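Residue-level listing of the chains:
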Amino acid sequence: MNKWIEKGLRTGVVTTPYPKGRDEAAGISPGLPDAGAEVQDDNNTIASRCPTDALQPTDGPIKVDQRRCIHCFRCVRNAGEPFPWDSGFEWASLMSEASVFPPSFRRSLHIRVIDAGDCGACLNEVKLLNNPYYNMHRLGFFITPTPRQADVLLVIGPVADHMKIPLLKAYEAMPDPKRVMAVGVCALSGGVFRSGFIVGSGVSDLIPVDVEVPGCPPPPLAILHGLLVLAGRSEPHQFIEPANPVEGGVR
Amino acid sequence: MRIDELIAQAKVIWEDALEAAFNISPQEAEFHCKPDRMNEFCNWLHHQKIYHFAGMIVEERSNRWDIHYLFYEEGVAVRILVKTGGPLDQKSFQSISRTIHAADWYEREAEDLFGLVFEGHPRLGDFILHDDVWQEGVEPMRAGFNIGAALENHKPKRDWRPRRIVRAPGSFIMPVGPVYSGDAESVHFHLETVGEEVIRVFPRLFFKYRGVEKIAEGQSVDEALLLAERFAGTTAFSHALAFCMAVEKIGPTVVPERAVALRVFFAELERCRHHIGVIESICNSTGLAVAASQAAILEEDALRLACELAGHRYLFGLVVPGGLSCDLDTDRCCQAVNKLKGIVQRLNDLDQALTASSSFLDRIEEVGIITESQARDYELVGPVARGSSYCNDLRRAQPYLLYDQYDFEIPCEQEGDGYARLRLLFAEVNQSLRIMDQVTENMPTGPVSNPYSVSPGAAVAGVETPRGATWHWVRVAEDGKIARYRPITPSFANWHGLHLAVESFAFQDFPIVLATFGLSVSENDR
Amino acid sequence: MGIGLWLLIGFVLYGLGIAAVLTVPSKMCRSMLAGFGVAGSLALLPAGFDALFRAHSFRAALWSIFNAGTITITADHLAGFFLIVTALVALPSSIFAAGQLQTHPIRHPKALSALYLALLIAIPLVIIAADIYLFLIAWESMSIIVYLIITSSERERSAYLMLAIGELGTLSVLIALLLMSGDHGSLTFSALKSNGSNLGIGLRWTVFLLSFFGFGIKAGLIPFNFWLPRAYTNAPSPAIPLIAGATLNLGLYGIIRINAGLLPHPPIGAGVMVLIIGSATALIGILYATIEDDLKTLLAHSSIENAGIITTALGAGFIFLATGHHTLAAMAFVAALYHLLNHSVFKTLLFMGSGAVEGAAGTRSLDRLGGLLKRMPYTGLFVLVAVLSISAMPPFNGFVSEWLTLQALLRSVVLSSFSIKIAFVTAGVGLALTAGLAVTCFVRAFAMGFLGIARSEAISRAHDASKAVLTPMVFLAAVCLLLGVLPTTVIPMLDRVVVPITGASGTGALVPNFFTPNETGSRLPSDFVAQFHNLGAQIGRNVIPGPGLVVLHRGGTANPVVFAMSTSYMFIMLLFLLAVSGGVVALVVSRRRKVERRRQWDGGVRDLLPEMTYTATGFAQPVRVIFEAILRPQVVEHRETLTEYFRIAIRRRRDEVYLIDRLVLNPVSAATAWISDGLARMHNGRVNAYAGYVLLALLLLLVIASFG
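Caption draft 1: Geometry of the state of the cysteines. The full count for this structure, using the stated rule, is one disulfide over all chains. Put simply, C391 of chain B and C412 of chain B are joined by a disulfide, and their sulfur atoms are 1.5 Å apart. Negative torsions about the S-S bond denote left-handed disulfides, and the value of about -95° found for C391 of chain B with C412 of chain B makes this one left-handed. Here the residue C391 of chain B occupies a position in the loop between helix 13 (382-386) and helix 14 (394-397), and C412 of chain B occupies one in the loop between helix 14 and helix 15 (418-441), the gap between them amounting to 21 residues. Accessibility expressed as a relative area gives 24% for C412 of chain B, which makes it partly exposed. C72 of chain A provides the cysteine sulfur closest to C75 of chain A, a residue in no disulfide bond, and the two sulfurs are 6.2 Å apart. A relative accessible area of 8% means that C75 of chain A is categorised as buried. Between C42 of chain B, a cysteine without a disulfide, and C33 of chain B, which holds the nearest cysteine sulfur, the sulfur-to-sulfur distance is 6.7 Å.

Caption draft 2: Broad picture of the pattern of salt bridges. Under the definition given, this model contains 67 salt bridges over all chains. The residue D132 of chain B makes a salt bridge to R606 of chain C at a minimum N-O spacing of 2.7 Å. On the criterion of chain membership, the pair formed by D132 of chain B in the loop between strand 7 (117-119) and helix 4 (147-152) and R606 of chain C in the loop between helix 24 (567-591) and helix 25 (616-626) is interchain, its members lying in two chains. The same class applies to D132 of chain B as to R606 of chain C, namely buried. What you see here is one network of salt bridges that share partners, running through E197, R200 and E503 of chain B together with E637, R639, R647 and R652 of chain C.

Caption draft 3: Expanded view of the sheet that holds strand 2 (residues 28-33) of chain B. Residue and element names in this part refer to chain B. The five strands lie next to each other as 1-2-5-4-3, forming an open sheet whose pairing is mixed. Taken across any chain shown, the strands that pair with only one partner, and hence form the sheet edges, are strand 1 (18-25) and strand 3 (52-60). Across the sheet, the mean angle from the axis of one strand to that of its neighbour is 20°, orientation sign disregarded. Looking at chain direction, strand 1 and strand 2 are connected through six bridges and run antiparallel. Residue pairing for strand 2: A21 is matched across the bridge by F31.

Caption draft 4: Spotlight on the interface of chain A and chain B. Opposite the 60 residues of chain A that make contact, chain B presents 69 residues. For the chain A and chain B pair, buried surface summed over both sides reaches about 5,200 Å², with 62% attributable to carbon and sulfur atoms. Per-residue buried area on chain A facing chain B is highest for W4, H162 and F197 of chain A; these three make up 16% of the total on that side. Across the chain A-chain B interface, the total number found is three salt bridges. The partner of R313 of chain B in a salt bridge is E125 of chain A, and the shortest N-O contact between them spans 2.7 Å.

Caption draft 5: Structural view of the domain arrangement of chain B. All names here are of chain B. Along its sequence, chain B is carved into domain 1 (3-152), domain 2 (162-209) and domain 3 (212-368 + 429-443 + 454-518). One C-alpha centre belongs to domain 2, the other to domain 3, and the line joining them spans 28 Å. In this complex, domain 2 contributes 16 residues to the contact, which on the side of domain 3 involves 12 residues. Between domain 2 and domain 3 the total buried area reaches about 1,200 Å² when both faces are included, carbon and sulfur atoms providing 74% of it.

Caption draft 6: Spotlight on the domain arrangement of chain C. Residues and elements named next belong to chain C. Partitioning chain C into domains gives domain 1 (3-177 + 186-502), domain 2 (613-655) and domain 3 (661-707). Averaged C-alpha coordinates put domain 1 and domain 3 at centres separated by 40 Å. Taken residue by residue, the interface counts six residues in domain 1 and four residues in domain 3. Both sides together, the interface formed by domain 1 and domain 3 hides about 370 Å², and carbon and sulfur atoms give 65% of it. A per-residue breakdown of the area domain 1 buries against domain 3 is headed by P223, F226 and R230, which together make up 77% of the total. Where domain 1 meets domain 3, there are one salt bridge. Residues R230 and D661 are paired through a salt bridge, measuring 2.7 Å at the closest nitrogen-oxygen approach. Counting every contact that joins domain 1 to domain 3 gives one residue pair in polar contact (both at pLDDT 80 or more). For the side of domain 1 that touches domain 3, the class distribution of residues is five nonpolar, no polar and one charged.

Caption draft 7: Seen up close, the side chain of T434 of chain C. All names here are of chain C. Here T434 shows up in helix 17 (residues 418-450). Of the residues examined, T434 reaches a relative accessible area of 0% and is grouped as buried. Within the local environment of T434, its side chain forms a polar contact with the backbone oxygen of G430, the two atoms lying 2.6 Å apart. Apart from residues lying up to four places away in sequence, T434 is in contact with A282, L283, I286 and E305.

Caption draft 8: Summary view of the nonpolar core. Residue and element names in this part refer to chain C. If you look at the biggest cluster of nonpolar residues, it comprises 207 residues, and the most contacted ones within it are F135 and Y232. With 22 residues, helix 13 (residues 326-361) is the single largest residue contributor to this core. Residues lining this core come from more than one domain, with at least three contributed by each of domain 1 (3-177 + 186-502) and domain 2 (613-655). Setting aside chain neighbours within four positions, we find F135 in contact with V126, A129, V173, L177, F189, F215 and Y253.

Caption draft 9: The sheet that holds strand 6 (residues 646-655) of chain C, seen in detail. Taken in spatial order, the three strands make up an open sheet running 8(B)-6(C)-5(C), and their pairing is mixed. Edge positions in the sheet fall to strand 8 (166-167) of chain B together with strand 5 (634-642) of chain C, since each has one partner strand and no second.

Scoring rules and cut-offs
Residues numbered from 1 in each chain as written. Chains lettered and ligands numbered in written order. Predicted model: local features only at pLDDT ≥ 70, side-chain atom pairs only at ≥ 80, totals over all residues. Heavy atoms only, no water. Disulfide = S-S within 2.5 Å. Helix = DSSP H or I, 4+ residues; strand = E, 2+ residues; numbered from the N terminus. Buried < 20%, exposed > 50% of the residue type's maximum accessible area, 1.4 Å probe, protein only. Salt bridge = Lys/Arg side-chain N within 4 Å of Asp/Glu carboxyl O. Pairing = 2+ DSSP bridges. Axes fitted to C-alpha atoms, helices over the stretch in contact; angles between N-to-C directions. Contact = heavy atoms within 4.5 Å. Buried area = accessible area lost by both parts, 1.4 Å probe. Domains from an automatic or database assignment. Polar contact = N/O pair within 3.5 Å; in protein donor to acceptor, adjacent residues only side chain to side chain. Nonpolar A, V, L, I, M, F, W, Y, C, P; charged D, E, K, R; others polar. Core = buried A, V, L, I, M, F, W, Y, C linked by side-chain atoms within 4.5 Å.

Written out as structure tokens, the structure is:
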């Protein structure tokens, strides 16, 4: 047994400096189209390359809808002028100030993950939050098996029809105050499955969402950022309007 | 057996059953069989001629049903499509699953989605569309499917009862899921038990059914590629590759050599990363925290490596019809292989440490045993099959890309237990590294993609994903849109066989067996 | 009024009751049953107390029988105690029986009522019989009445088995009694007693063995208890509380009466035998109770278990008696009698609960029950009290008596013989295991019956039983609590029974009056008392007046270990803590927090169906696995498949033949069948063969005669 202890100790500390410092290791994020980029697109050439309407032509510069970008890279690869790319990961958007947990929850949150039809990649990234690189326990975030003890409902996937009842049941079973975190493009807008007969257009069809983490899949650090935003320990990327305000409205 | 010999032989023996028999390509034969002789003919192919059953594809053409049964032979790259069908108002076909049990779930799926009835199948219904929320008569894959009318039939059915086959005093169902554990994919298990041991397990799948095949209909190839890539994200590259290969076959488009080599490179990189992930979850299931953390570090390293090389941790957006979307210079390939060598070196250290941990081996040895004959009869694929000495790997059996040019082994284990499957994962990672090494050594030069133009037609392509063989069937209509896209996935085959491994086992072994199977729900549910 | 009058009133009332139920219309029959049953029992109760608190035994000669002597009755302290227990059970049981008859009509209510009242006459008669005649008559009528009660509703083979094996027991008891009477010819118990002290060791062993097994059959001791689960399961539910609560005791009464009353004391070996058989009985009983699915059979096995616990304590008493440790013997007997009393109370209550549940839910199978608490809250509450009591949870009565029993066993350290110590340790371990399994068993019984979700239509429509059923349950539940909280009041009473047997008082050891040292002599050393003063033992005296609240074992100088506890204090503390924590919760909740009720988390399944909840079988499965070597289950699995892999059904049958059936009943019945087969073959009809048999018999007789 002691050789395992030795092995563990020998590995040393690999944990990311984030959120105290900056993590600039290679390969931690696939990046997203830069939402702040002022790209004029008169002929709709760039926007038409986007298969999910994440790049929307307007009268002025192209509007980037991060809820829809699935990293197909069609706007940057083999496409003439590449669209400006943001290689960071602090993408989490907040619905409102009220979505942040009250101060007494700052230090620790318990999370129930609901896989509502994801492809496995988002789930894997959530799972990786527990690995030594990200080690979310050090920040007081814990994944719990029961929604009864959960503060955050972390939903991934476009909400397949069969998962609606489990999702609603889990949401109802959570004690107040509770927050919903939609992770991944599928959970935000339905992603590539949006036009399916049995898939909705994201979590906000069913329950009010508090924080959104775009990405397909969002890398672990992006999810971590989302959790920090919920706990009030980090600034959100932006405040946005809910996609589909459900009955009962936004908090 | 050579394909023309087979055709000649079949024509003699099955003269009255076959409507046509011809070869489409040197490696592909097509038989048109009368619906009422299907069972016998498939039986002959499977049991007498030892062709493996790969899957079943149902197509609703403009005026008739086309049902394709895909068989293939090991080693000589022979593929056989047996086609049967009938007018659209014919709803009933012969079931072949009594003789070829692997067809069981394919027929159930077709019954649920197309409304076809397979005579002789004992257990149709309540499969993909759950009977407790969807009333009978919803056939979403039919051409005239009306979602509005379907939703009217979408109401909870209170008198639904789970199917139970265990008849013992005091037996009950231990429900697990669909939301269970900390971070498990959504699936519902009915563990039938009288306490302490699982007598029989029924995985109730398709909680994540997203109707990928239906969404793809009418989409352009480019759009459908996104689906093929994203229905099973952890093996995205392999599935996108299979889709692209099928589309390129319809084209036909020649993929530049450099792209082919890089495709092999990335496919093997994905295999390494996937296997490390499964090793991590096996360590986790036995509660060996240090080993799980070590494996998780390596998995993250592999993910970062992929992101460095291809811009995406799961290799999304990389493969396109005609080649790859971006090039990778050979130097970076070499650096990557060296990095990966470091990862694999540490993985092998982990392997050694695990082999020396008796408490770990106690939990994983002799659990979840699958015998070779079971693996064969269920046509299990991937590491699960190879762990039971059913050594079937499409890279060998149906060489594609450049796999026949590389020197590598298909590892195989005899015992069929959890430990055999674990050893296999370690061995396969090493073989993948060996292939990648050879790829970088002989990297061809040139462009990484050829222009691709859509043309109508249908084709099937097989790829050995990390979890096993996948077959993607694509039919492109005259307008260049997808008419039918049907991925046959390895998890679908292996979920079918899971119950064999969990019969009469202690409760506490269940998560371990599940982890050693390395199943993906999203790949199965599509 | 004296005991004789009370007894007379009781018997007359019961007799009148029989006449009444037979004459009045069927509709009024049950009120007659309840009225006369309660009235008779109310008369029996003072009779018992009178007998217990008299200085000298009551004795009355009734009438003479030609050539055989006088029929006499007597009521010493022991009899008084058993009369009280009987009355305590009979009183609520009569009301319950009437209530059951009202809600669940049976085929012959009149016959059942008459038999019930007749049983109420027979039981006290057994207790007060003072000679072999009357004893036998009462004993036999009791057996036959129980047999008739069981067969009254339907013909049951189990009743025949009970009667047959019961007759065997009677026979062996009779032989034992006759052996004791010796050549004197007098068949009164006093004659037996005076004769008893003169018996030789061989004869004493014979008498012990015959009587122990004879009475053991009635008490449900191994190896002859195979009749009991069968008979109890099939007994009609109005009568089973009485049968289980009162008749089982008579077997134990017989063992005490002969070994500790008529004989001075049994040999040490006999005591060890009682000890071991008792603990083995307890263990086997609870083991089968834990895995049993049928609620009534479960309770029957649990009766066996409790008879075993009582017998173990008796065995300890016999050994201490034989080795001259009179105070310890007194302690052991007090423990035995206390447990006997407790068992009668809570087992009666449990059988009432099972009757009510069966009536409401239509089934006794624990696998099919469930969720009854919401539908039958009161029944559930009282059954919970009984379950806590039988699981030996303070502050209820089972705790006190099991604690005393275990303490008595622990005191075996004073014994000198190593082998006897081993026997004690074995018995102690057996009892500890029994106590643990009992908790499992009754948690399972209660949880599977009352908690969870309803597993059948009938249950979701069930409702609490009538007042006639609930009232006796309230009464018994209250008695459970009182017996648990006031052991210091009960123990001196039991001591009155024990002192004549052992010649020493258990009270001094168990309930020391060191709180009142000024009164007639505390036998405790003053420094010891002072120590307890410092520990705060006196507090109770200021809070609750009484002769002392601590049940205590005082180790001697050789063994200065002190075991002390007080269920009374415990109960007060419990109430206090409950009040405090309830108050705190109320305070916190009302001030700061909002209480929300949500559905339980079920993993997100659409509907949590009854078949998805743990069954009683599943709950007991770990016990089954652990004790597989004893249970020896025969598992037959049969897999049905279509072609090779389409599995249609997995049928699994698990047969657990009752250990005693396997080891005793089945071999005996097989042997009997074999012998009768052989005998039948001998009757082959040939004259010369018969002539040969006669010749052989003659030869044999001659040989015997020549040796004799």
